[in-house]
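Structural description and commentary
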Number of protein chains: 2
Amino acid sequence: MKVLSKSCVYGLRALLYIVSEKPRGAFVNIGEISEQLNISFHFLTKTFQVLTQAGILQSYRGPNGGVALARPAEEVFLIDIIHLLEGPGFFDNCLLGLAGCGEAAPCPVHDFWISHKAALKEEFRTASLAQMGARINMKKLRLGP
Amino acid sequence: MKVLSKSCVYGLRALLYIVSEKPRGAFVNIGEISEQLNISFHFLTKTFQVLTQAGILQSYRGPNGGVALARPAEEVFLIDIIHLLEGPGFFDNCLLGLAGCGEAAPCPVHDFWISHKAALKEEFRTASLAQMGARINMKKLRLGP
DNA sequence: ATATTTTAAGACATAATAGTATTAAATCTT
DNA sequence: AAGATTTAATACTATTATGTCTTAAAATAT
Ligand code: SF4
Ligand code: SF4
């Protein structure tokens, strides 16, 4: 059940690493993140560039440089990251992917799919990086191998 | 939110077309299906070959040939098709796709993901082709463009 | 028997995703 | 100012997913 692309999974894991492991606003070395989470450095860098250009992260070059959250972790939600890295219509095009689908012309799986999809979307919409970071520390959840 | 591969979506739509449009056990021309559902004939044929070899379909060549369900539509469930066309571990490897994950070493999204996943799996596990076919006819649901 | 229809099988082509490498630009240290 | 560090940007390669085409095999019809 592969729902998210690698790029998106990496982005989420990396952001959660930052908020759970580092003091707020701190610049974190991308090399460190890629090492800790076992993600390709260059690939992660590319993913971060999207987030930086979108204003989720800010970056700083040179020694002691890195990336840091550009906004308070309370104001960044998982759905924002997903929409950036998977495309804005991520929660629109669904299971059978018929053209012009929806309530008006539903496919056979519409009824039981649409509710689960909406519920899932709501979870991502309301889960902030701050919340998730706190939970990770509280419950000692893992982000890598 | 792309969950299923094209191959799997085509397979599902095609099987649902057979059970909803044709008398039970009838052999249906693949060309007709591909035309009605606007699916590439050759691609659909390849997908059907998997289902045939797995004993979901039986096939017959030559004039008036085609494919037909090899078992009663009551005994074939959507999850069977999904497992065949997406791989048997489809409902196992999930959101962040960490190695060796699960209850013992959960990732941050485990809690809210695992329940939705299980619910969804249950829907597919209990939805038979017969049920779906009946619903399609009853509610005039669509399988194609 | 021969030609026609239809699925089976596999080769081939294209596109999307994932991963790697190179060079450039910014910042720091000395 | 010079060199080291680190992200940015771009180009390149590899893998997978998707789609097309060709040939073979089975069955029918004439
Ligand atoms: S579940 Fe609804 S919105 Fe999704 S493909 Fe089916 S008809 Fe369209
Ligand atoms: S949700 Fe649970 S099973 Fe899925 S990747 Fe996270 S830890 Fe593993």
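The structure contained in this document is the topic of the report that follows.

Conventions adopted
- Residues numbered from 1 in each chain as written.
- Chains lettered and ligands numbered in written order.
- Predicted model: local features only at pLDDT ≥ 70, side-chain atom pairs only at ≥ 80, totals over all residues.
- Heavy atoms only, no water.
- Near = heavy atom within 4 Å.
- Polar contact = N/O pair within 3.5 Å; in protein donor to acceptor, adjacent residues only side chain to side chain.
- Helix = DSSP H or I, 4+ residues; strand = E, 2+ residues; numbered from the N terminus.
- Nonpolar A, V, L, I, M, F, W, Y, C, P; charged D, E, K, R; others polar.
- Least-squares fit on C-alpha atoms with pLDDT ≥ 70 in both.
- Core = buried A, V, L, I, M, F, W, Y, C linked by side-chain atoms within 4.5 Å.
- Buried < 20%, exposed > 50% of the residue type's maximum accessible area, 1.4 Å probe, protein only.
- Contact = heavy atoms within 4.5 Å.
- Salt bridge = Lys/Arg side-chain N within 4 Å of Asp/Glu carboxyl O.

Okay, the protein's contact with DNA strand D next. Surrounding DNA strand D, one finds 26 residues, the nearest of these being Ile30(A), Gln53(A), Ser59(A), Gly62(A) and Phe43(B). Among the atoms of DNA strand D lying within 4 Å of the protein, the sugar-phosphate backbone contributes 69%. Backbone polar atom of Lys6(B) to a phosphate oxygen of DNA strand D: 3.3 Å apart, as the coordinates give it. The element that contributes the greatest number of residues to the surface near DNA strand D is helix H3 (residues 41–53) of chain A, accounting for five residues. For the surface near DNA strand D, the residue count by class is eight nonpolar, 12 polar and six charged.

Another point: the relation of the copies chain B and chain A. For the pair chain B and chain A, the superposition axis carries a translation of 0.0 Å, the fit reaches an RMSD of 0.1 Å, and the rotation angle comes to 180°. The transformation relating the two chain copies, once decomposed into turn and shift, fits a two-fold axis. Of the C-alpha atoms belonging to chain B, the one lying closest to the rotation axis is found on Val3(B), 2.6 Å away.

Ile33(A), Phe48(A), Ile33(B) and Phe48(B) are the most contacted members of the largest nonpolar core, which totals 100 residues. Not counting residues up to four positions away in its chain, the partners in contact with Phe48(A) are Ala14(A), Ile18(A), Ile30(A), Ile33(A), Leu57(A) and Val67(A).

Along the chain, Tyr60(B) falls in strand S1 (residues 57–60). Classification of Tyr60(B) by relative accessible area gives exposed; the value is 57%.

Attention now goes to the protein's contact with DNA strand C. Taken together, 27 residues sit near DNA strand C, with Phe43(A), Lys46(A), Ile30(B), Ser59(B) and Gly62(B) positioned nearest. In the interface set of DNA strand C, defined as its atoms within 4 Å of the protein, sugar plus phosphate atoms amount to 70%. In the model, a phosphate oxygen of DNA strand C is placed 3.2 Å from a nitrogen or oxygen of the Tyr10(A) side chain. The contact in question runs from a sugar or linking oxygen of DNA strand C to an N or O atom on the backbone of Gly62(B), over 3.3 Å. In terms of residue count, the dominant contributor to the surface near DNA strand C is helix H3 (residues 41–53) of chain B (four residues). Among the residues making up the surface near DNA strand C, the classes are represented as nine nonpolar, 12 polar and six charged.

This part covers the pattern of salt bridges. One pass over the full model with this rule turns up 10 salt bridges over all chains. With a shortest N-O distance of 3.3 Å, Asp111(B) and Lys139(A) are connected by a salt bridge. Of this pair, Asp111(B) sits in helix H5 (residues 110–126) while Lys139(A) sits in helix H6 (residues 129–139), each in a different chain. Owing to a relative accessible area of 46%, Lys139(A) belongs among the partly exposed residues under this scheme. Notably, a salt bridge pairs Lys22(B) with Glu32(B), separated by 2.9 Å at the nearest N-O pair. Placement of Lys22(B) in the loop between helix H1 (6–21) and helix H2 (30–37) and of Glu32(B) in helix H2 is noted, with a sequence separation of 10 residues between them. Here the salt bridges share partners, and the residues they tie into one network are Asp111(A), Arg135(B) and Lys139(B).

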